[in-house]
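Letter by letter, the chains look like this.
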Amino acid sequence: MPTGRTLFEKIWQDHVIEAPGEQSLLYIDLHLVHEVTSPQAFESLRLNGRGVRRPERTLATADHNVPTDPISTPVSDPVSRRQLEALEENCEEFGITVFPRGHENQGIVHVIGPELGVTQPGMTIVCGDSHTSTHGAFGALAFGIGTSEVEHVLATQTLPQQKAKSMAVTLEGNVRPGVSAKDIALAIVATLGTGGGAGHVIEYRGDAIRDLSMEGRMTVCNMSIEAGARAGLVAVDDTTIEYLRTRPSVPQGDEFEAAATRWRTFVSDDHATFDDEVVLRAEDIVPSITWGTNPAQVVSLDGVIPSPDAIVDPDEKSTTERSLAYMGLTPGTPVRSIPIDVVFIGSCTNSRIEDLRVAASLAQGRHVAEGVRALVVPGSHRVKRQAESEGLDQVFLDAGFEWREPGCSMCLGMNPDQLGNEMRCASTSNRNFEGRQGRGGRTHLVSPAVAAASAVMGRFASPEELS
Amino acid sequence: MKPVRVVEGRAVPLERSDVDTDQIIPSDWLKRVERTGFGRGLFSEWRDDPDFVLNRPDFVGASVLIAGPRFGIGSSREHAVWALMDYGFEAIIAPSFGDIFVNNSSKQGLVIVVLGLADVEVLSALINDDPTRLVVVDVDRLRVEVPEAGFQRDFVLDPMTRERLLNGWDDIGLTLLRETEIATFESTKKAPSLEGIFDDAGHVR
């Protein structure tokens, strides 16, 4: 029987320096750095008299704790300010290119890598952030690491790694109109559960994935970690190549065509086998929302808040009860009847130009409901400039949305953009954990379309409801 | 990191599943540039509740944390490991863990023990019955014991992690010994780098 290699296997084999035992020493092509998970790593390098092995394979940006107020406003929180200064000082000391707050290339690390074209097929990419899985949309093996591993990569440009298992998640058929990449991502996390992808690298396959834009594929790969998988992958195709063609960091002319020919090999072979396979019917996926405090607690926008009564498993039952209590929800309540206080459109999941276009098209000529605060936080300065050139900023402002400076913002509430106690938020981000967006805050994960429609209606709503 | 052969101490059962790293150490604590002092932030949003298990006098000074399935999922923040260790925990026992959390723990010497759900429940019950019972996590023999109650279970660690824990090896120091192999790899495989793409001010050339 013929055999073939998976995409994961190809990238892995290309980067193994040596594999003496269960752990292989893996070469890292690109290391992305931000202010939150790096200062302790740089400090440790200094203490041990070690340098950065490959500054030209390292790129840094400020994103996690930057305020989204106008750039002319100083960073008021002294602890955040110190951390942002430390990033600049460390990058200068070790010769690393850095995009500080307000720099034309600054933005969320998982937005700028792809848009600059530094994220390329077949690469190994790491970053001290679990949503590094985003870059897998380009057929790159990309995963999140902790600060000790950040230090390891800075010092050696390698990582000792145990090889993960491979999992194919195949979406058969096509999604129905109105179903977004975010709905696909939520459906996958709900199917696998928060631990279903643990120990695996997922390759997303099938027509419904092929039909997605690069932005959509990034949204799906981004949330791999929410199903427990450190990395997600999508095979390279024309969509990948055409996205990369106009990016500033890719080779030009004939060199681009040569690179594209090589990139096209980053697909799983026809007869490749996976350690695990999961199949979803794309037509079953509907616009969705999370109701609870982990991203696998998903319900249809047309549905009702679930009841713990029917749950047999005692652990799941108590988890459901805890989530309901934290979220302040009553079982049986129709999702569309639940009022909201805040709408957040942003994060490495959904802050790219395509996301903002969708939201703006629904905001156009309408207005945010009374009593609702709605923030739009572009993923990067490049996204922001593009949106402004299309007039999207004015559409949002006219509709009563705030148009803010780029950063991670309310996704994790490290900057002043936070939910207050018991505030309910329709958020295009990736995590609905307790307190994630601010102490006592209640997060519901939704697509940009649902977020925009909900902002207008003042409750969870779909675009079809807008008159 | 310091070598770890045996962790012996009292335990505290945290009977919750899906304890993510945002719960272990909320993001407000992530602004700091130091590696120490995170113990005060451990589970900080839960510790306001006087009934929270860590606040019960019986469990003060415990060094082993017993948790539910999928402990440490979510964010890659190593601050979660720093917070657990700064608070005094030396080993975590649960049915499953987040992958990045396990990696981070192994770099700091926090011992990660995977036991089956039923075994974890038995262990939790033993501690709830008598919080003074000592739990022994033996990294050398790969065994968890509650000697006073006759509880004894084997666990699995990958051989390299076990060796590194027992010897307190510095991962980076070990990798730097492979300089020849890394240099050879770099001279033969040339993935594109950022060289020549940005000027000194970070603008695309």
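What comes next is a walk through the structure. Predicted model only: the values in this text are computed from it and were never measured.

1. Some thoughts on the overall build of chain A
Turning to step 1, where the next piece is worked out: Per the secondary structure count, chain A includes 15 helices and 19 strands.
Turning to step 2, where the next piece is worked out: Relative to the compact-globule value of 23 Å for 467 residues, chain A shows a C-alpha radius of gyration of 21 Å, a close match.
Turning to step 3, where the next piece is worked out: A principal-axis box enclosing the C-alpha atoms of chain A has dimensions of 60 × 55 × 45 Å.
Turning to step 4, where the next piece is worked out: Out of the 467 residues belonging to chain A, those deemed buried represent 61%.
Turning to step 5, where the next piece is worked out: Restricting to contacts in chain A with at least 6 residues of sequence separation, those with at least 24 account for 76%.

2. A short note on the overall build of chain B
Turning to step 1, where the next piece is worked out: Counting its regular elements, chain B contains 8 helices and 7 strands.
Turning to step 2, where the next piece is worked out: Looking at chain B as a whole, 42% of its 205 residues are labelled buried.
Turning to step 3, where the next piece is worked out: Considering only contacts in chain B between residues 6 or more positions apart, those separated by 24 or more positions represent 70%.

3. Quick look at the interface of chain A and chain B
Turning to step 1, where the next piece is worked out: With 67 residues of chain A at the interface, the matching set in chain B holds 52 residues.
Turning to step 2, where the next piece is worked out: Those elements giving two or more residues to the side of chain A that touches chain B turn out to be β1 (16-18), β2 (23-27), α2 (39-47), α3 (78-94), β5 (97-99), α5 (147-156), β8 (158-162) and α11 (314-327) of chain A.
Turning to step 3, where the next piece is worked out: No other element matches the 7 residues that α5 of chain A contributes to the side of chain A that touches chain B.
Turning to step 4, where the next piece is worked out: Here the side of chain A that touches chain B is built from residues that sort into 20 nonpolar, 30 polar and 17 charged.

4. With respect to the packing of α2 of chain A against α5 of chain A
All names here are of chain A.
Turning to step 1, where the next piece is worked out: Contact geometry for α2 and α5: axes closest at 8 Å, N-to-C directions at 50°. With respect to α5, the element α2 is oriented oblique. Relative to α5, α2 is oriented so that their crossing is right-handed. Of α5, the residues touching α2 (which contributes Gln 40, Ala 41, Ser 44 and Leu 45) are Thr 147, Val 150, Glu 151, Leu 154 and Ala 155.
Turning to step 2, where the next piece is worked out: Class assignment of the residues belonging to the contact of α2 with α5 gives a composition of 5 nonpolar, 3 polar and 1 charged.

5. Observations concerning the sheet that holds strand β15 (residues 342-345) of chain A
Residue and element names in this part refer to chain A.
Turning to step 1, where the next piece is worked out: Here 5 strands make up an open sheet; going across it, the order is β17-β16-β15-β18-β19 and the pairing parallel. Whereas interior strands pair on both sides, the edge strands pair on one side only; in this sheet they are β17 (402-403) and β19 (442-445).
Turning to step 2, where the next piece is worked out: When strand β18 (residues 424-427) meets β19, the two strands line up parallel, connected through 4 bridges. By the bridge assignment for β19, Ala 426 is matched with His 444.
Turning to step 3, where the next piece is worked out: Packed onto the sheet, helix α15 (residues 448-457) meets β15, β16 (373-376) and β18 and runs at close to 150° relative to β15.

6. Some thoughts on the pairing of β8 of chain A
All names here are of chain A.
Turning to step 1, where the next piece is worked out: The buried fraction of β8 is high, at 4 of 5 residues.
Turning to step 2, where the next piece is worked out: Pairing geometry for β2 and β8, over 5 bridges, is antiparallel. Paired with Tyr 27 across the strands is Thr 158, a residue of β8.

7. Regarding the environment of Gln 157 of chain A
Residue and element names in this part refer to chain A.
Turning to step 1, where the next piece is worked out: Mapped onto the secondary structure, Gln 157 falls in the loop between α5 and β8.
Turning to step 2, where the next piece is worked out: Sequence-wise, Gln 157 and Arg 57 are 100 residues apart; in three dimensions their C-alpha atoms are separated by 8.2 Å.
Turning to step 3, where the next piece is worked out: Excluding residues that lie within four positions of it along the chain, Gln 157 makes contacts with Tyr 27, Ile 28, Arg 53, Arg 54 and Arg 57.

8. Notes on the nonpolar core
Turning to step 1, where the next piece is worked out: Counting 193 residues, the largest nonpolar core has Val 343 of chain A together with Ile 66, Ile 92 and Ile 93 of chain B as the members making the most contacts within it.
Turning to step 2, where the next piece is worked out: For this core, the leading source of residues is helix α6 (residues 181-192) of chain A, giving 9 residues.
Turning to step 3, where the next piece is worked out: In this structure Ile 66 of chain B touches Ala 11, Val 12, Pro 13, Leu 14, Ile 93, Val 120, Leu 123, Ser 124 and Ile 127 of chain B, once residues within four positions along its chain are discounted.

9. Considerations on unusual backbone geometry
Residues and elements named next belong to chain A.
Turning to step 1, where the next piece is worked out: In this structure, Gln 157 is a non-glycine residue whose phi angle is positive, near 60°.
Turning to step 2, where the next piece is worked out: Phi angles above zero are rare outside glycine, and Ser 409 is one such case at about 55°.
Turning to step 3, where the next piece is worked out: Turning to its location among the elements, Ser 409 is positioned in the loop between β17 and β18.

10. Let's talk about the pairing of strand β1 (residues 6-14) of chain B
All names here are of chain B.
Turning to step 1, where the next piece is worked out: Bridge count for β1 against strand β5 (residues 134-138) is 5 bridges, and the pairing is antiparallel. Following the sheet pairing, Val 6 is matched in β5 by Asp 138.
Turning to step 2, where the next piece is worked out: Note that β1 and strand β2 (residues 64-67) share 4 bridges and pair parallel. Residue pairing in the sheet places Pro 13 in a bridge with Ile 66 of β2.

11. What about the packing of helix α3 (residues 79-87) of chain B against helix α4 (residues 99-108) of chain B?
Residues and elements named next belong to chain B.
Turning to step 1, where the next piece is worked out: Taken N-terminus to C-terminus, the directions of α3 and α4 make an angle of 50°; their axes are 9 Å apart at the nearest point. Taken together, the axes of α3 and α4 are oblique relative to one another. By crossing handedness, the relation of α3 to α4 is classed as right-handed. Each of Ala 80, Val 81 and Met 85 in α3 lies in contact with α4, whose residues at this interface are Phe 101, Asn 104, Ser 105 and Gln 108.

Thresholds, definitions, all that
- Residues numbered from 1 in each chain as written.
- Chains lettered and ligands numbered in written order.
- Predicted model: local features only at pLDDT ≥ 70, side-chain atom pairs only at ≥ 80, totals over all residues.
- Helix = DSSP H or I, 4+ residues; strand = E, 2+ residues; numbered from the N terminus.
- Rg over C-alpha atoms; globule rule 2.2 N^0.38 Å.
- Buried ≥ 20, exposed ≤ 12 C-beta atoms within 10 Å, placed from the backbone.
- Contact = placed C-beta atoms within 7 Å.
- Nonpolar A, V, L, I, M, F, W, Y, C, P; charged D, E, K, R; others polar.
- Axes fitted to C-alpha atoms, helices over the stretch in contact; angles between N-to-C directions.
- Parallel < 35°, antiparallel > 145°, perpendicular 65-115°, else oblique.
- Left-handed = near helix turned anticlockwise from the far one by under 90°.
- Pairing = 2+ DSSP bridges.
- Core = buried A, V, L, I, M, F, W, Y, C linked by C-beta atoms within 7 Å.

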